[in-house]
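Structural description and commentary
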Amino acid sequence: MRLSTVSKASGSVVGGARPVSSVRVCRVGTPQTQPAYQVTPRSIRQSGRTAAVSETKAKEISKAAPVPVPDLQAYELPLEDWTQSALSVCVVGASGDLAKKKIFPALFALFYEGHLPKASVGVVSVYFSIFGYARTKMSDEEFRAMIGSNLSCRVADATDCSRKIEEFLSRCFYQAGQYDALEDYAALDRRMTAAEERFKRGDRVFYLSIPPNIFTTVAASASTAASSKSGWTRMIVEKPFGRDLESSRLLASELYKHLAEEQIYRIDHYLGKELIENLTVLRFANLVFEPLWSRQYIRNVQVIFSENFGTEGRGGYFDQYGIVRDVIQNHLLQILALFAMEQPASLGAEDIRDEKVKVLRSMQVVKLEDMVLGQYRGRTGKGQSLPGYLDDATVPPNSITPTFAACAVFLNNARWDGVPFLLKAGKALESRTAEIRVQFRHVPGSLYHDKLNLAADAASNELVIRIQPNESIYLKINNKVPGLGLNVDTTRLDLSYDSRYQTHLPDAYERLILDCVNGDRRLFIRNDELEVAWEKFTPVLKEIEQRRVAPELYPYGSRGPVGAHYLAAKYGVRWGDHNPEDL
Ligand SMILES: NC(=O)C1=CN([C@@H]2O[C@H](COP(=O)(O)OP(=O)(O)OC[C@H]3O[C@@H](n4cnc5c(N)ncnc54)[C@H](OP(=O)(O)O)[C@@H]3O)[C@@H](O)[C@H]2O)C=CC1
Ligand SMILES: O=C1O[C@H](COP(=O)(O)O)[C@@H](O)[C@H](O)[C@H]1O
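Under the annotation held in an unreviewed UniProt entry, the chain carries the name Glucose-6-phosphate 1-dehydrogenase and is attributed to Prototheca wickerhamii. UniProt's Function (unreviewed entry) comment on the chain is quoted here verbatim: "Catalyzes the rate-limiting step of the oxidative pentose-phosphate pathway, which represents a route for the dissimilation of carbohydrates besides glycolysis." Looking at the chain in UniProt, the text filed under Pathway (unreviewed entry) is "Carbohydrate degradation; pentose phosphate pathway; D-ribulose 5-phosphate from D-glucose 6-phosphate (oxidative stage): step 1/3."

Printed below as a string of structure tokens:
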């Protein structure tokens, strides 16, 4: 068995590859019993900084109940001792859309696949617990009914499936509470402590699935009143991480009052997608790709996100952010960073994130003249009526928030100098897709130019990494058409996941929650990555707002504004996703 070293301050795995499921890395605080219950602000216990939640409030709940106070010194725990540790996952904002749609189903899938800790210690047979926390009043039973309606099993064994669902739901509990009320978190803490009581330690994950305006309130209150006293406490924070450089810095400094960086897991769920996980494998484990991965052979790179539906009820949130903040500055930029980075020294989280930061730092600040903005309008026809963005009741009338954006960005480094990276994202377009397209240079002095009967661009190789749907990787090549004579056409070397792997692909949230439990921070955003990402986009976002740049309207279900074609043409590029063969 391999044991990784663990940072004392944080519980994060240091310098090792991602722990595989059979290798658990644990930290243990040896509990020392203390007579009076004492709520010490998290900041004082962990980092010596001042807590925002007052000492008076902390004292109020100090009276609640006696609990052990930990010695936070960490040490490694052998695999067999995992039976001595309980895991509690608390989803704050449990009544919300993301929690119901993604987080609880992901937790169930992890349980179903045997990734949540499970063993017998005396009479206790299951030692993970899931807690929901939100203001909505619900009993445990109502909560179970709410999440149960969204659960399904991958393996079509109906009996096993309903048994597993029941087993999972029996470990789910709900605590109603206000987001700023320490006494409500103290009540949650008591329930968590009760679930952990037969174990030497209890580790806790808080998943903050809440609107951004209450992130810091929740981080403060939860860490003050409901941090683990005997194990680690980690918080998964959902985007948006601010709306520009200043607000992102403010958010970080507020979080640091209560949490160490190592406890903060900033989630970008695109990093948990299978094909994104595979990007570094494709590049660094195959000799055929890495030597071509530069300006010498690559003409341009396109990172494309499109959805065939509009804001549909999320307009209230969306209108304050727009597509650049919602998708481009995070999901697409993260993909770009992984795509373009140099080979990291190891697969360790810090080495990978160091390389991503270097790429982002080498990126030129995005310019307004290299950006196209659009907003979808309603469309009627073919017996249906599709609403425009402004028809969404949650969107302010006359909003000019872009629902589509495309931009060209450049990296000032030796590998990528002069290569346009085109990023494009839009809602209410003709299809739902996310992909990376790598267009290679033309074959010099092509012998077969006449036989192909195609323009040089159309005949050049293109590598497509389709993130979703129908996950696949294909390389467009020129090939002799079988038979007599010499005809050449363009075809594909095709790795379609559906036909190659008869396995269900895990949802991104599953992978990321499991990584957080395992203390693997590789797929989470480090604060300096976030800062530099905002540095590159904040000036243009401010300019758009100050100048009130009007978006170009495009019909719901179309390919987006025509301006995107002109932007690509400015750099001699054609969007690869507009080729009918590729749809
Ligand atoms: N939904 C999605 O597909 C995605 C969401 N995200 C991010 O995840 C987080 C959660 O998203 P989502 O579930 O859609 O959010 P919701 O708007 O559904 O909010 C989650 C819960 O927070 C509480 N809440 C809502 N508004 C307020 C408010 N103004 N003040 C206090 N509490 C409030 C509600 O619970 P109660 O009233 O019971 O307290 C609600 O059920 C957000 O940060 C979002 O940006 C990220 C990617 C995708
Ligand atoms: O983060 C977000 O992502 C979703 C798209 O996620 P996907 O995994 O379904 O592709 C997007 O709809 C949403 O606007 C955005 O906030």
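In this section: the pairing of strand β9 (residues 233-237). Most of β9 sits inside the fold, with 5 of its 5 residues counted as buried. Neither face of β9 is exposed, since Thr-233, Met-235 and Val-237 on one face and Arg-234 and Ile-236 on the opposite face are all buried. Note: strand β8 (residues 201-208) against β9, 5 bridges, orientation parallel. Residue pairing for β9: Arg-204 is matched across the bridge by Thr-233. Between β8 and its parallel partner β9, the chain crosses via helix α7 (residues 215-226), and the hand of that crossover is right-handed. Inspection of the sheet shows β9 paired to strand β10 (residues 264-266) by 3 bridges, in the parallel sense.

Of all residues adjacent to ligand 1, which total 20 residues, the nearest are Ser-95, Leu-98, Thr-136, Tyr-179 and Ile-210. Within the side chain of Ser-95, a nitrogen or oxygen atom sits 2.6 Å from an oxygen atom of ligand 1. Take Lys-239: an N or O atom from its main chain is 3.1 Å from an oxygen atom of ligand 1. Relative to its unbound accessible area of 870 Å², ligand 1 is 77% covered by the protein chains. Of all the elements, helix α3 (residues 97-112) adds the most residues to the shell around ligand 1, at 3 residues. Here the shell around ligand 1 is composed, by residue class, of 9 nonpolar, 5 polar and 6 charged.

Here the focus is the packing of aromatic side chains. The full count for this structure, using the stated rule, is 27 aromatic pairs. Aromatic side chains Phe-104 and Phe-143 sit 5.4 Å apart centroid to centroid with 80° between the ring planes, which places their arrangement in the edge-to-face category. Highlighted residues: Phe-104 in helix α3 and Phe-143 in helix α4 (residues 140-148), separated in sequence by 39 residues. You can call Phe-104 buried: its relative accessible area is 0%. Taking the centre distance of 5.2 Å and the plane angle of 35° together, the rings of Phe-143 and Tyr-174 count as tilted. On the criterion of sequence distance, the pair formed by Phe-143 in helix α4 and Tyr-174 in strand β7 (residues 172-176) is long-range, its members being 31 residues apart.

Going from Lys-239 to Pro-240, the amide bond is cis rather than trans, its omega being 5°. Within the fold, Pro-240 resides in the loop between β9 and α8 (245-256). With an omega of -15°, the peptide bond between Gln-468 and Pro-469 qualifies as cis. With respect to the helices, strands and loops of the structure, Pro-469 is situated in the loop between β18 (462-468) and β19 (472-480). The backbone phi angle of Asn-470 is positive, close to 50°, even though this residue is not glycine. On the secondary structure map, Asn-470 appears in the loop between β18 and β19. A positive phi angle, close to 45°, is found at Arg-548, a residue other than glycine. Secondary-structure assignment places Arg-548 in the loop between α16 (527-546) and β21 (552-555).

Around ligand 2, the neighbouring residues are Lys-239, His-269, Tyr-270, Lys-273, Phe-305, Glu-307, Arg-314, Asp-326, His-331, Lys-427, Arg-432 and Gln-468. At 2.7 Å from an oxygen atom of ligand 2 is found a side-chain nitrogen or oxygen belonging to Lys-239. A distance of 2.5 Å separates an oxygen atom of ligand 2 from a polar side-chain atom of Glu-307. In terms of residue class, the shell around ligand 2 is built from 2 nonpolar, 3 polar and 7 charged.

For the rest of this paragraph, the subject is the state of the cysteines. Inspection of the entire model under this criterion finds 1 disulfide. Left without a disulfide partner, Cys-90 is nearest to the cysteine sulfur of Cys-172, which lies 12 Å away. With no disulfide partner, Cys-516 has as its closest neighbouring cysteine sulfur the one in Cys-90, 13 Å distant.

Moving on to the pattern of salt bridges. Counted by the stated rule, this structure contains 40 salt bridges. Of the charged contacts, one joins Asp-203 and Arg-201 as a salt bridge, the two residues approaching to 2.5 Å between their closest N and O atoms. For Arg-201, a relative accessible area of 1% gives the class buried. The closest approach of N and O atoms between Lys-427 and Glu-307, which form a salt bridge, is 2.7 Å. Here Glu-307 lies in the loop between β11 (298-306) and α10 (315-340) and Lys-427 lies in the loop between β16 (421-426) and β17 (433-440), a separation of 120 residues in the sequence. The residues Lys-427 and Glu-307 share a single accessibility class, namely buried.

Let us look at the side chain of Glu-196. Mapping Glu-196 onto the fold places it in helix α6 (residues 182-196). Setting aside residues up to four positions removed in sequence, Glu-196 forms contacts with Ala-86, Ser-88, Gly-202, Asp-203 and Arg-204.

The rules we used
Residue numbers run consecutively from 1 along every chain, following the written order of its sequence. Chains carry letters from A onward and ligands carry numbers from 1 onward, assigned in written order. Local features in a predicted model are, by the rule used here, given only for residues with pLDDT of at least 70; side-chain atom pairs are given and counted only at 80 or more, and totals for whole chains, interfaces and linings are based on all residues. Hydrogen atoms and water are omitted, and side-chain values are computed over all heavy atoms in the structure. UniProt positions are given in the numbering used here, feature names are shortened, and annotations may be inferred rather than shown by experiment. Each residue is placed in one exposure class: buried if its accessible area under a 1.4 Å probe, protein chains only, is under 20% of its type's maximum, exposed if it is over 50%, and partly exposed if it falls in between. Secondary structure elements are taken from DSSP: a helix is a run of H or I of four residues or more, a strand is a run of E of two residues or more, and numbering for both begins at the N terminus. A pair of strands counts as paired when DSSP detects no fewer than two bridges linking them. Crossover handedness is defined by viewing with both strands directed away from the observer: a clockwise path from the first strand over the helix to the second marks the crossover as right-handed. One heavy atom within 4 Å of a molecule or strand is enough for the residue carrying it to be called near that molecule or strand. Any pair of N or O atoms that falls within 3.5 Å is considered a polar contact. Within protein, one atom must be able to donate a hydrogen and the other to accept it, and sequence-neighbouring residues count only if both atoms are side-chain atoms. Only the protein chains shown count as cover for residues, with accessible areas throughout obtained via the Shrake-Rupley method and a probe of 1.4 Å. Basically, the charged four are Asp, Glu, Lys and Arg, the nonpolar ten are Ala, Val, Leu, Ile, Met, Phe, Trp, Tyr, Cys and Pro, and anything else, Gly included, counts as polar. Centres within 6.5 Å are what make two rings of Phe, Tyr or Trp a pair, Trp counting through its six-membered ring; a difference in plane orientation under 30 degrees is then read as stacked, over 60 as edge-to-face, and the rest as tilted. Cysteine sulfurs are considered disulfide-paired once they come within 2.5 Å of each other. A pairing counts as a salt bridge when a side-chain nitrogen of Lys or Arg comes within 4 Å of a carboxyl oxygen of Asp or Glu. The criterion used for residue contact is that any of the two residues' heavy atoms lie within 4.5 Å.

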